[in-house]
Every structure is written in C-alpha cells, then in structure tokens.
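Coordinates in review
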Amino acid sequence: MEGNTTRLTILVKPVEQLVSDRAAYIVIVVVQVFLTESISILGMVTNTLNITVFIRLGILSDASNVSLFGLAVADFFGVTFMLWLSINHYIVLSKPSGLGWDPFDVMYVTAVWPRLMSTSISRGLTVFVALERFVCVVFPFKVRSIFTPTTSLVSVLCIFGYFIISYAPVLSCLRLQFVTDPNTNLTHLVLSRSSEYEYLDSLMDYINTFGLNYGTTAVVLFLTAITVSRVQLSRTWRATMVKETCSETTGKESKSIKAAEDNHKTGTKSGSKMQKEKRLIRMITSISCIFLICSIPNFVFLVLQLSNKEISIGGQHMNLVWVMFSLSFLADTICSSVNILPYYRMSTKYRQELNSLLGNGIESK
C-alpha cells in the first residue's frame, strides 16, 4: 500500500526527582551560600586564634601542641577555601551576564580541589591526634619516648606532604586559560583539562570516598572507643590505689605526722595528675566526637549512593546530590571551626593564654 506510512510514537515519561528543583535551590542557597559562608568566616577567626595561642604556648614545648597546631593550620586553609567556594557558588546560582570568566570553572580549580586537599589533611591529623591519646592511655610508660615534639613535628609534616603530593597530579591537569570567542571576539577565562584528568579524577574520587572519608572515620571511632574505655579502667584503678594508701596511712599509729603529711602530698599530686590527664583525654575525645558527628552527612550520602546508582554525579537525581553536597560542606565547615570550644573549656593553659591574648585579664582555674 504505497503512500501509507505507520508512525510509532514513544512517550518518554520524565524522571521524577527525589528533590524538586525549587527545594534544591532553597537548600543550596540557605545551607551552602549563607550558613556555610558565615561559619567559614567564624572558622577563619577561631583557627587564627588557635594558631596564635599554640605559638605563644610554644609549639615544640609539647607533642600535643605540635599536632593541634598542625590541625589548626589545616582547618584554617579548609574554611578559607570553603568561603571562596561559597562565594563562587553564589555567583554560579545568580547567573550574571557579561562575565569574562566562568565562575564554575574558577570555583572548580581554585576552591573545590584545594578544599578537598585541606579537608584530607585535617582528617589525617585528626587520626594522628586520636592515635596519640590512644598510645598515651594504652602505653602510658612509652608514650613520652614514642611521641616527642620532634617526632610529632616530623609526622605532621609528613601528613601535609603526603596529601599535597597526592593531589598535585590532579591539580596539574587543570588549567585556567584565556580563550577568544570567534563569534563575539571576546576573551573568556575557561577551564581546560588534560587527557589524564578523567583517570586521575576517578582515582582520587575513589580514594577520597572510600579510603579517606570512611576509613578515617572508622579509625577515629575505634581509637576513641578504646581510649575512653581504658581511661575509665585507669581512673577506677588509681582511685582505688589512692584510697588504699590513705587508709594505710591512717591505720598505722606508729608513723609520724610528717610521714602522714608526705603521703597526703603524694596523694594530692597523684590526684592533680589524674585531673590534668582527665582534662586532656576529654579534650581530645571531644575533638574526635565532633569529627564523628560531622561525618554523618558523608556517611548518609554513601548509603544513598549504594542504595540507588542514579544518586550520583551525572545520575538522574542530581538535585539530591547537590543537596547532600551542601550538607556535607556545612558539616565539614562546622568541624573545622569549633575546636576552640573544647580547647577553651578543658585546657587551663589554653584558656589563660587566650584570655591574655584577648586582654580580658581573666585568671581561669
């Protein structure tokens, strides 16, 4: 039947997003632009104070000062790059016309990857700090020989060096260059990628997602749990020993008053040492707990990705991906900004030095 044609019409139903465009836009603007940007500014201030206080206390005066100083430096760069990322993200969302550069390309090269590197360094140092306290509790008589200020300094520098070197190949594949548009005869700053970038990007994404984010979280959780349990056992044992010593001193009438006073001083010294160790352990444990709590959005994101392959970059549910990115960015920024709170509350030396730095003249006990 010549002239007759049959037309097959296929109706493709659009994919329904788990998060609507409007909801995703609101969450990104509120969380990523305003909240994260504000907390990043706060984090720059708090980490500047941390760096200054540890310098005044003497970085090499104690092994813990070295690692906490390194953590403050990494956190400072992390929140600084996050602030720059949030500013560029706002420019991307506002879609201004007439720019001579692509704000997303600039954000990707100068903010996204440098922030990832800084966050990785912070995670590595958090593991190192948790390891220090773990060794201090499990091997109390060997910790002074294992973690000296010099060995801690070398370890911190190695952590910085390792992550900088590991991210260098990816960053070397990205370049911002000026390209002239033949249609408009205008020059624009755009991103160019080398041929090796896709492979290195996939490799680093795998390392960051599984090896770093969740690996460090698991290690910190394990070390913190063991540390807390051993501290409880140690405190119970020491309290029992001090009580027995005091009882023996009271029960022996043949001892002189001077000997009793000496034993009392010994018990007081032991109690003071216990209190100092208790505050230090609580401070380090608080840092680890902050780290673990702020890792929850990343863990939830992983569960969502494993449960649905379309929840990924380039997948059908990109709105949810951007929302989870925003929440993860916010959590990472909070984690890098609030360490000053356990420092100030639980470290007498830090509190006194910060009060002196701020000029309020408070003598904290």
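Structure: see above.
Residues numbered from 1 in each chain as written. Predicted model: local features only at pLDDT ≥ 70, side-chain atom pairs only at ≥ 80, totals over all residues. Heavy atoms only, no water.

What about the environment of Gln305?
Mapped onto the elements, Gln305 comes out in helix 8 (residues 296-307). Gln305 gets classed as partly exposed once you look at its relative accessible area, which sits at 28%. Between the C-alpha atoms of Gln305 and Val321, which are 16 residues apart in sequence, the distance is 9.1 Å. The contact partners of Gln305, leaving out residues within four places of it in the chain, are Ile311 and Ser312. (Helix = DSSP H or I, 4+ residues; strand = E, 2+ residues; numbered from the N terminus. Buried < 20%, exposed > 50% of the residue type's maximum accessible area, 1.4 Å probe, protein only. Contact = heavy atoms within 4.5 Å.)

Describing the pattern of salt bridges
Inspection of every chain in the model, using the stated rule, returns 3 salt bridges. The closest approach of N and O atoms between Glu353 and Arg56, which form a salt bridge, is 2.6 Å. Residue Glu353 is located in helix 11 (residues 348-358), and its partner Arg56 is located in helix 1 (residues 21-57); the two are separated by 297 residues in the primary sequence. A salt bridge links Arg123 to Asp332, with the shortest nitrogen-to-oxygen separation between them at 4.0 Å. On the criterion of sequence distance, the pair formed by Arg123 in helix 3 (residues 103-138) and Asp332 in helix 9 (residues 318-337) is long-range, its members being 209 residues apart. One network of salt bridges, in which partners are shared, links Arg115, Arg123 and Asp332. (Salt bridge = Lys/Arg side-chain N within 4 Å of Asp/Glu carboxyl O.)

Describing the packing of aromatic side chains
Scanning the entire structure with this criterion turns up 12 aromatic pairs. Centre to centre, the rings of Phe301 and Phe325 are 5.4 Å apart; their planes meet at 80°, and the pair counts as edge-to-face. Within this pair, whereas Phe301 is found in helix 8, its partner Phe325 is found in helix 9, the two being separated by 24 residues in sequence. Given the relative accessible area of 7%, Phe301 is considered buried. Judged by relative accessible area, which is 23%, Phe325 ranks as partly exposed. Ring pairing ties together the aromatic residues Phe301, Trp322, Phe325 and Phe329, which thus form one cluster. (Phe/Tyr/Trp six-rings, centres within 6.5 Å; stacked < 30°, edge-to-face > 60°.)

A closer look at the pairing of strand 2 (residues 186-193)
Across 8 bridges, strand 1 (residues 174-181) lies against strand 2 in antiparallel orientation. Counterpart to Val179 in the pairing with strand 2 is His188. Where strand 1 folds back onto strand 2 in an antiparallel hairpin, the turn is made up of 4 residues, including Asn185, whose phi is positive at roughly 60°. (Pairing = 2+ DSSP bridges.)

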